[in-house]
Amino acid sequence: MKGGARPAARAAELRRLVERANHAYYVLDKPEISDAEYDRLFRELQELEAAHPELRAPDSPTLRIGAEPAEKFRKHRHLVPMLSLANAFTEAELVEWEERNARLLQEVKGAGYTLEVKIDGAAVSLTYEDGVLVTGATRGNGIEGEDVSANLRTVRDMPLRLAGKAWPKRMEVRGEVYLSKSRFAELNAERERAGEPTFANPRNAAAGSLRQLDPKITRRRGLRIFCFHVEAPGQKLPVDTQHELLRQLAAWGFPVEPNHTLVRDLAQAHHEIAQLEARLGTLDYGADGVVVKVNPLRLHAELGTVGDREPRWAVARKFAPEVQITRLKEIKINVGRTGALNPYAVLEPVEIGGVTVSTATLHNFDLIDAKDIREGDWVEVTRAGEVIPQVLGPVRERRTGKERKFKRPERCPVCGSKVEYPSDEVMAYCSNVSCPGRVFESIVHFASRGAMDIRGLGYERVRALLDAKLVKDVADLYQLTPMQLLTLEGFAEKSAHQLVDAIQASKQQPLSTLLYALGIRHVGAQGAKLLARQFGTMKALRNASVDEINAVRGVGEAIAEAVAGFFDEAKNRKLLERLEKLGLNLKEPAAADGKGPLAGHVYVVTGTLPSLSRAKAIELIEAAGGHVADSVSKKTTALVVGADAGSKLERAKALGVAIIDEAELLRRARAKP
Ligand SMILES: [Zn+2]
C-alpha cells in the first residue's frame, strides 16, 4: 500500500485527488495533472476498490466509467415538483410578466433580475445527502421522473461529492444535461460511419443518451451538465439571492453556465438579452433563450406558482428561431405511407442552430405556388420547433431570371402511376396502392416507436430489405431469418439475430398497437386504442359495420369509414390473414372494467392539469376501471379541473357535480378499491 496508508484512508485520498483532477479538467478547464498521472491514480483506486469492496462509495469516481446495464429504470419522486417555465417571446411580453408580478408584490420592481442562458438539453434533478450524490433523475412528468443515477455518474463534470461547506443536509440540485455542438457533430459522424441512424439534434441526443439502460453507452456519448437551482425544503440556504446561489453552486463544484448576469431592471435586461442572442453562435451548446429570474430568493416564495405548474418568479425569454438563407437546388417529392406526395427542398447545406440542414419540407404543392418558390431560388430556411427544417419563402431580390418554376407532377415520381388531386384537399396522392414509396414508408411506420416498436429497424435497414427484395410488405418481416439478413451489408451474426428477435417479440403487441401500426388513414394511436378496447379482437372489428364503429365514443365518421374501407380491400384482408397465421396477437387485453378503485364512476376532464397530459389522465382513469365522458351530465361522478377550464366547469357547478383537482384524482385512482 502506498506510503503504508490504511486502505480506507488511501481510497478516500485517491477519490479526492481524482475528483479534483476531473473538476480542474472539465469544469475549470485548467488541467492540474497529466493524463498519465490521472490514469495512474484512477487505476490505483480501481484496484483498491476491487480488493476491498467495502470501500466502494456512492461518490467514487470509478462509478463514472459506468455500472452494469439495468433492466429498467426505477421511478423517482422529486422532493419538490420540477416546474416548467412560462415563455415570453417579445420584450413586451417580458414587461407584461413584470407587471403581473408587481400587482401581486410591488417590490418586485427594482429588486433586480438574473439572466441565465437557457440550455437546450434534458432537465435533471440531483439529490445530495450530506454532500454526496445519492440519486439523479430525469424530469419525467415533473412530479415523478426516472432514476438515472448510474448514467448521471458518468457525466464527467458532475460533482459526486461537494466541495466546500454549508450545503443543506438534503437537497435537490436542478440542472440541464446537454451534448455540446462539437461532440454532437462528432457523434453523428461516428454513427454515419457505423451505418447507424444519426440524431436529429443535440437535445434529442442528450435526452436519449441519458435514458440508456447501459451506463457505458451513456458515458461514451460525452454528456455535460450545467446547474442553476436548489430545492432544500425546510432548510436554510447560505445565500439570499439567485445570483449568489449561482456563485455558491460553482463553489460547491457544480458547472455553472458562465454567461449569467445580474441586471437592475428590464431595460437593462432587454439590452443584455440582445447581446447574448448575438453571441449565441459562439457557444458550444444549444440555447433557445434566456431565463429571467427575480433575484432575491425570499421573493420566490412570496410570488409562488401559477397552479403548481409554473413559477411566477422566472420566465423564459425565447429567442426568435434562427433563419438562414441558402440556395434551393431542387424540389423533390417523396411518397408517404398514405400515398400522399410530400414535396421537399434539396438545399445547399447550411447550419441552423448547430445542425447542418440539407433538406427542408415544402409541405404541399399549393404552398409552393402561393409562395412562388422556384428551383434555383435563394430561400429563407428555419427549423420549426427546432426540429423539422422548413422553407419560409424565396428572397425575390436575389433572382437572376434563371430560376425554374415548379410544375406539379401528373405521374408519381416513384412508380409512374397517375397522381390524384382531390378537390377538397391540399395534398396530392399516388393512385397506386402498392407504390414502392408507400410500401417503404408504411414499413418504416409499422416498425417505429409508438407502433410495433421493432428496435433496429429504421429507414436504412427497411430500404436495404426492400432493395434486396427480402420483404414486400409488413407480413414478410416475420418470415425473415438471420441467414437472410447476413446477406445484407451492415449485418453481423449478432445484429442479425437481434433484429429477428426484435421482430418476433413485436408479435405480442396488443391489437391497439397493431391497428395503429397498420397505418390506416385517420387512425392515430388514440383512435386505435378506442377501437381495440371496444371490439376486443381484430375479427370483431372486421365484422363491425360503419355505424357500429361510428358509435364508439371518441371515434368520428372519418375514422369509421376509413376502417371499414380498409377491411373492404381484398389485399388488406389477405395481409391480416397472413399476420394471423404468422402468430401475431390480434387481441386487446381486457380493460379493468368492473374492477379498480374508479369502477362504475364517470369522470370528465377539463383544462390543463398540472402534471398529467389529457391522454395520460384518461389512461389513468380507465386503468383504474373508470369511464371518461366528453361532457358533463348528471351521471358524471366528478369533473377534474385544471387551469383555464371553460364551460364544462360552469355546467358542473350548475348541475351540482363534484369538482376535483388532479391531486384528488391521483388519490382516488390509486386508492384500494
Ligand atoms: Zn407511386
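Residues numbered from 1 in each chain as written. Predicted model: local features only at pLDDT ≥ 70, side-chain atom pairs only at ≥ 80, totals over all residues. Heavy atoms only, no water.

**Q** Describe the overall build of the chain, listing the residues and the values that go with them.
**A** Along the backbone of the chain there are 25 helices and 24 strands. Computed over the C-alpha atoms, the radius of gyration of the chain is 28 Å, within 12% of the 26 Å expected from 2.2 N^0.38 for a compact globule of 673 residues. For the chain, the spread of C-alpha atoms along the principal axes amounts to about 80 × 65 × 65 Å. When each of the 673 residues of the chain is scored for burial, the buried share is 47%. For the chain, long-range pairs separated by at least 24 residues make up 68% of all intrachain contacts whose partners lie at least 6 apart in sequence. Carbon together with sulfur atoms contributes 50% to the accessible area of the chain, which is approximately 33600 Å² in total. For the chain, the centre of its 98 positive side-chain charges and the centre of its 91 negative side-chain charges are spaced 3 Å apart. (Helix = DSSP H or I, 4+ residues; strand = E, 2+ residues; numbered from the N terminus. Rg over C-alpha atoms; globule rule 2.2 N^0.38 Å. Buried < 20%, exposed > 50% of the residue type's maximum accessible area, 1.4 Å probe, protein only. Contact = heavy atoms within 4.5 Å. Areas by Shrake-Rupley, 256 points an atom, 1.4 Å probe, with all protein chains shown as cover. Lys, Arg positive; Asp, Glu negative; His and termini not counted. Charge placed at Lys NZ, Arg CZ, Asp CG, Glu CD.)

**Q** An account of the sheet that holds strand β4 (residues 122-129) is needed here, citing residue identities and associated values.
**A** The strand order across the open sheet built from 4 strands is β5-β4-β7-β8, with neighbouring strands paired in antiparallel fashion. Strand pairing shows two members of the sheet lacking a second neighbour, β5 (132-138) and β8 (224-231), which therefore form its edges. In this sheet, neighbouring strand axes are inclined to one another by 30° on average, regardless of whether the strands run parallel or antiparallel. In this sheet, β8 lies alongside strand β7 (residues 170-178) in antiparallel orientation, the contact comprising 7 bridges. Looking at β8, one finds that E172 is bridged to E231. (Pairing = 2+ DSSP bridges. Axes fitted to C-alpha atoms, helices over the stretch in contact; angles between N-to-C directions.)

**Q** A description of the domain arrangement of the chain should follow, citing residues and the corresponding values.
**A** Accessible area lost upon the coming together of the parts is a frequently used measure of interface size. The domain architecture assigned to the chain consists of domain 1 (2-56), domain 2 (86-318), domain 3 (323-405), domain 4 (436-508), domain 5 (511-581) and domain 6 (602-670). Taking the mean C-alpha position of each, domain 5 and domain 6 sit 28 Å from one another. On the side of domain 6, 5 residues touch domain 5, which itself brings 4 residues to the contact. Taken as a group, Q526, R533 and R553 account for 82% of the area that domain 5 buries against domain 6, more than any other trio of residues on that side. Our enumeration of links across domain 5 and domain 6 arrives at 1 salt bridge. Linking R533 and E622 is a salt bridge whose minimum nitrogen-to-oxygen distance equals 2.3 Å. (Domains from an automatic or database assignment. Buried area = accessible area lost by both parts, 1.4 Å probe. Salt bridge = Lys/Arg side-chain N within 4 Å of Asp/Glu carboxyl O.)

**Q** So what about the environment of G626? Which residues, and what values?
**A** Of note, G626 is situated in the loop between α23 (614-623) and β22 (627-628). Judged by its relative accessible area of 4%, G626 falls in the buried class. Each C-alpha atom of the pair G626 and G600 lies 6.1 Å from the other, and the pair is 26 residues apart in sequence.

**Q** Break down helix α13 (residues 459-467) for me, with residues and values.
**A** Looking only at α13, the buried set comprises V462, L465 and L466. All buried residues of α13 lie within an arc of 95° about the axis, which places them on one face of the element. Of the surrounding elements, those touching the buried residues of α13 are α12 (436-447), α14 (474-477) and α15 (482-486). Positive phi appears at K469, one or two residues downstream of α13, with a value of about 60°. (Arc of directions from axis to C-beta.)

**Q** Run through the nonpolar core, naming residues and quoting values.
**A** Core analysis: the largest hydrophobic core is formed by 58 residues, its most contacted members being F446, I454, L477, Y478, L518 and L531. When residues of this core are sorted by domain, at least three fall in each of domain 4 (436-508) and domain 5 (511-581). Each residue touching L477, except ones within four places of it in the same chain, is listed here: I443, F446, L457, L465, V471 and I503. Residues Y128, V148, L179 and V230 belong to the second largest nonpolar core, which totals 37 residues. (Core = buried A, V, L, I, M, F, W, Y, C linked by side-chain atoms within 4.5 Å.)

**Q** For the pattern of salt bridges, give the residues involved together with the corresponding values.
**A** Scanning the entire structure with this criterion turns up 34 salt bridges. Residue E37 pairs with R40 through a salt bridge whose shortest N-O separation is 3.3 Å. Of this pair, E37 and R40 are both found in helix α2 (residues 35-51), 3 residues apart, which corresponds to roughly one turn of the helix. A residue is classified by how much of its surface remains accessible, and E37, at 29% relative accessible area, is partly exposed. Look at R40 and you get partly exposed, because its relative accessible area is 35%. Through salt bridges that share partners, R10, E13, E37, R40 and E44 make up one connected network.

**Q** Before we move on, could you go through the packing of aromatic side chains and cite the residues and values that matter?
**A** By the definition in use, this model includes 11 aromatic pairs. Ring geometry for Y178 and Y285: centres 5.4 Å apart, planes at 65°, overall edge-to-face. Residue Y178 is found in strand β7, and its partner Y285 is found in the loop between α9 (266-279) and β10 (287-294); the two are separated by 107 residues along the sequence. Overall, the relative accessible area of 6% leaves Y178 in the buried class. Summarising the aromatic geometry, the rings of F365 and Y421 are spaced 6.3 Å apart at their centres and angled 50° between planes, so their arrangement reads as tilted. With a gap of 56 residues between them, F365 in helix α11 (residues 365-371) and Y421 in the loop between β19 (419-420) and β20 (429-430) connect regions that are remote in the sequence. What links up through ring pairs into an aromatic cluster is the set Y178, F226 and Y285. Taking NZ or CZ as reference, R463 lies 4.0 Å from the ring centre of F440, over its face. Above the ring of Y429, the side-chain terminus of R521 is found at 4.7 Å from the ring centroid. (Phe/Tyr/Trp six-rings, centres within 6.5 Å; stacked < 30°, edge-to-face > 60°. Lys NZ or Arg CZ within 6 Å of the ring centre and 35° of its normal.)

**Q** Residue-level account of the coordination of the zinc ion, with values.
**A** At this site the zinc ion is bound by C412 (SG), C415 (SG), C430 (SG) and C435 (SG), with donor distances of 2.2 to 2.4 Å. In this structure, the zinc ion is surrounded by 4 donor atoms whose angles at the metal cover 100 to 114°, and the resulting shape is tetrahedral. Read in sequence order, the donor residues for the zinc ion give the motif C-x2-C-x14-C-x4-C. In this pair, C412 is assigned in the loop between β18 (388-394) and β19 and C430 in strand β20, connecting sequence segments 18 residues apart. C430 carries the same exposure label as C412, and that label is buried. (Donors = N, O, S within 2.8 Å, 3.2 Å for Na, K, Ca; no water. Tetrahedral: all angles 85-135°; square planar, octahedral: opposite > 155°, others 65-115°.)

**Q** So, a negative patch on the surface: which residues are in play, and what are the values?
**A** Residues D547, E548, E557 and E561 make up a contiguous surface patch of negative charge. Those elements that place two or more of their residues in the negative patch are α20 (546-550) and α21 (557-568). Here D547 lies in helix α20. (Patch = residues over 30% accessible without salt bridge, like charges linked within 9 Å, V, L, I, M, F, W, Y side chains within 5 Å.)

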